[in-house]
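Observations on chain architecture
Spelled out from the first residue to the last, the chains are:
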Amino acid sequence: MTRDIFQPSGQIQFGIFFQGVNSGTVWKAAESGSQTDFESFRHIVQTAERGKFAAFFLGEGLRLREHLGRPHALDVAGRPDAQTMLAALASVTKNIGLVATQNTTYNDPADLAHRLSSLDLISGGRAAWNVVTTDNAWTGANFRRGGYLDHADRYKHAEAFVETAKRIWDSWETAAGPARRVLHEGQHYTVDVTPRLPRSAQYRPVLFQAGDSPEGRDFAARQADVIFSAHPKFDDAVEFRRDIVSRSVAAGRGANAVQIMPASEFILAATEQEAQEKKAWVRSLQIGPQQAVAYLEQFWGRELSSYDPDGPLPDIDPVVEETSETRGSGFHGAKARQLADQWRAEAKDKGLSIRQFVTSKTARIDATFTGSYTAVADHLAEYARVGAVDGFNISPWLIPTGLDDIVNHLVPELQERGVYPTEYRGTTLRENLGLETPVRSEESVRV
């Protein structure tokens, strides 16, 4: 086999995505923990490590979502800084990777490279960076840089940022030094830095990326180690793998260079019937009456509290033509009037109330695996056999106990089928993911 031909590993791994604001995590149930208390994070990361999960993944929010011009009261407001929390979690874990979402638009490469190196050293080589971009002026207002980056330039800017960070990490000659000076002069910043920290046990942090546009896929094919994808369904996952392999090879990398871990939700039980009943219960908790009405208000741009959540969709039109980024990424850019007409017709045709309709739109239908432990394990074994994915990044619907049934029941089933690790391969994230150690190029550090 050559580097240009993809070779399935026959294995899958799990990661956990501890989200912030979202409609998938049930925060109002009696069993729910806190989104800010350390205990919630400690419990779930140690459960994941017990289940041999590869990585613990934290999202990052740079501004609170608004609702009708005010901070959204139904959102879970606030989340700890990702790198601060992961540094704390490094002290109560030994093997699991620690992935921090960090924005290229509102950070500086020398500072962020240093902070990520610090996390990598503190954790013994378990750090990773989920590379994200932002270009809207609303978020940028928090950083006195609102709207300075054109949407078309976001990946160009991000690539220069990542390349600079890699040069900084690569420039440490040996574990003892000396370090080399790194210079970068670009459109948005100038860097003149000599690194202050040696390489970690895994050489440098692992890079995750989640962009799904053609530009985002090309960026990932050139720069990422792992893609946090939006393609968990089998046929879609196979096609996405084919596309990423093609782009990776075209970028001069190997066919197996970039791993793929789609976002997913698991609702499991001992039998299929119990799993379906559990799914109905989970959905009823994820979208309550207030949440259902508020969801439509984000598109209508007006109060709809007089409408019955168990009645039909509003017969009045939105007051906005297109929704803005103030409402969050899930609402941004929607053609509100056109969407309202489509939704009213769809809900009427299917006989759905506001609550039922919103539940159908917000539930992770495409990303959800529902069924018995045995059936789901059989299904995932097929993913491993063909190499459709390298694993799944699980968003638990309940914090902090949402991984318990996966670790206690699904993982052993997968281990029995020989498609899931029974032990960690090593002590670093790069080892446990089976990634190659980067090879430093003299060109990459030349100034």
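Reading guide: rules and limits
- Residues numbered from 1 in each chain as written.
- Predicted model: local features only at pLDDT ≥ 70, side-chain atom pairs only at ≥ 80, totals over all residues.
- Heavy atoms only, no water.
- Buried < 20%, exposed > 50% of the residue type's maximum accessible area, 1.4 Å probe, protein only.
- Helix = DSSP H or I, 4+ residues; strand = E, 2+ residues; numbered from the N terminus.
- Pairing = 2+ DSSP bridges.
- Contact = heavy atoms within 4.5 Å.
- Axes fitted to C-alpha atoms, helices over the stretch in contact; angles between N-to-C directions.
- Phe/Tyr/Trp six-rings, centres within 6.5 Å; stacked < 30°, edge-to-face > 60°.
- Parallel < 35°, antiparallel > 145°, perpendicular 65-115°, else oblique.
- Nonpolar A, V, L, I, M, F, W, Y, C, P; charged D, E, K, R; others polar.
- Core = buried A, V, L, I, M, F, W, Y, C linked by side-chain atoms within 4.5 Å.
- Right-handed = clockwise from strand over helix to strand, strands pointing away.
- Salt bridge = Lys/Arg side-chain N within 4 Å of Asp/Glu carboxyl O.
- Polar contact = N/O pair within 3.5 Å; in protein donor to acceptor, adjacent residues only side chain to side chain.
- pLDDT = per-residue confidence, 0-100.
- Expected span 1.5 Å × (residues − 1).
- Arc of directions from axis to C-beta.

What follows deals with the pairing of strand β2 (residues 55–58). On β2, burial covers both faces: Ala55 and Phe57 on one face and Phe56 and Leu58 on the other are all buried. As paired elements, β2 and strand β5 (residues 97–103) share four bridges and run parallel to each other. For alanine 55, the partnering residue across the bridge sits in β5 and is glycine 97.

Right, let's get into the sheet that holds strand β6 (residues 127–132). Read from one edge to the other, the open sheet built from ten strands follows the order β11-β10-β9-β6-β5-β2-β1-β14-β12-β13, with strand pairing classed as parallel. Looking at the sheet topology across the chains shown, the edges are occupied by β11 (259–260) and β13 (368–372). Sheet topology places strand β12 (residues 263–269) next to β13; five bridges connect them, and they run parallel. Each residue of the ladder has a partner; that of glutamate 265, found in β13, is threonine 368. Together, β6, β9 (206–209) and β10 (226–227) form the strand contacts of helix α6 (residues 214–223), whose direction differs from that of β9 by roughly 170°.

As a further point, take the packing of aromatic side chains. Throughout the structure, instances matching the rule amount to 25 aromatic pairs. Judged by centre distance (5.0 Å) and plane angle (85°), the rings of phenylalanine 17 and phenylalanine 57 are edge-to-face. Remark: phenylalanine 57 occurs in strand β2 and phenylalanine 17 occurs in strand β1 (residues 13–18); sequence separation between them is 40 residues. Side by side, phenylalanine 17 and phenylalanine 57 carry an identical accessibility label, which is buried.

Mapped onto the fold, glutamine 13 is located in strand β1. Those residues within four positions of glutamine 13 in sequence are excluded, and the remaining contacts are Ala54, Met261, Asp390, Gly391, Phe392, Tyr420, Pro421, Asn432 and Leu433.

Attention now goes to unusual backbone geometry. Cis geometry marks the peptide bond from isoleucine 399 to proline 400; its omega dihedral reads 10°. By the element assignment, proline 400 lies in the loop between β14 (391–394) and α13 (404–416). One non-glycine residue with positive phi stands out, namely leucine 68, at about 55°. For leucine 68, the location among the structural elements is in the loop between β3 (66–67) and β4 (70–71).

On to the packing of helix α1 (residues 38–50) against α13, then. Packing of α1 against α13 brings their axes to within 9 Å, and their N-to-C directions diverge by 10°. Taken together, the axes of α1 and α13 are roughly parallel relative to one another. For the pair α1 and α13, contact is made by His43, Thr47 and Arg50 and by Asp404, Val407 and Asn408, respectively. Here the residues of the contact of α1 with α13 are counted per class, giving one nonpolar, three polar and two charged.

The biggest cluster of nonpolar side chains holds 47 residues, and the ones touching the most others in it are Phe14, Phe53, Phe56, Phe266, Leu380, Ile406 and Leu410. Sort the elements by how many residues they give to this core and helix α12 (residues 373–386) lands first, with seven residues. Setting aside chain neighbours within four positions, we find phenylalanine 53 in contact with Phe14, Gly15, Ile16, Ala48, Ile96, Ile394, Leu403, Ile406, Val407, Tyr420 and Tyr424.

What follows concerns the pairing of β6. Within β6, five of the six residues are buried, which leaves it mostly tucked inside the rest of the structure. Relative to β6, β5 is paired through six bridges, and the arrangement is parallel. Looking at β6, one finds that glutamine 102 is bridged to valine 131. Running through helix α3 (residues 109–122), the crossover from β5 to the neighbouring parallel element β6 is right-handed. Here four bridges tie β6 to β9, and the two strands are oriented parallel to one another. Its bridge partner lying in β9, asparagine 130 is registered against phenylalanine 208.

In total, this model carries 24 salt bridges according to the counting rule given. For lysine 52, the salt bridge goes to glutamate 423, with nearest N and O atoms at 3.6 Å. Here lysine 52, found in the loop between α1 and β2, pairs with glutamate 423, found in the loop between α13 and α14 (429–433); they are 371 residues apart in sequence, far enough to count as distant. The partner of arginine 181 in a salt bridge is aspartate 192, with the nearest N and O atoms 2.7 Å apart.

Attention now moves to the side chain of threonine 326. With respect to the helices and strands, the residue threonine 326 is situated in the loop between α9 (289–300) and α10 (336–350). Relative accessible area serves as the criterion here: at 19%, threonine 326 is assigned to the buried category. Within polar-contact distance, the side chain of threonine 326 engages the side chain of serine 324 at 2.8 Å. Once residues within four sequence positions are removed from consideration, threonine 326 is found in contact with Arg65, Glu66 and Trp138.

Right, let's get into the confidence of the model for the protein chain. Interpretation of this model should avoid reading the predicted coordinates in detail wherever pLDDT is low. Taken as a whole, the protein chain shows an average pLDDT of 90; of its residues, 94% reach a score of 70 or greater. Overall, residues 442–447 carries pLDDT values under 50, and its contacts beyond four positions in sequence, including any with other chains, amount to 14 contacts.

Residue position: glutamine 415 is located in helix α13. According to the relative accessible area criterion, glutamine 415 is partly exposed, its value standing at 25%. Taking the C-alpha atoms as reference points, glutamine 415 and proline 205, separated by 210 residues in sequence, lie 28 Å from one another. Apart from residues lying up to four places away in sequence, glutamine 415 is in contact with Lys52, Tyr420, Pro421 and Thr422.

With that out of the way, let us pick up α10. With 15 residues, α10 should cover 21 Å at 1.5 Å per step; its first-to-last C-alpha distance of 21 Å lies within 8% of that length. Of the residues making up α10, those classed as buried are Ala336, Leu339, Ala340, Trp343, Arg344 and Ala347. Along α10, the residues classed as buried sweep out an arc of 135° about the axis, all on the same side. Within α10, the exposed residues directed more than 90 degrees away from the buried face are Lys348 and Asp349. Where α10 is buried, its residues contact α9 and α11 (354–362). After α10 finishes, the residue glycine 351 shows a positive phi value of roughly 70°.

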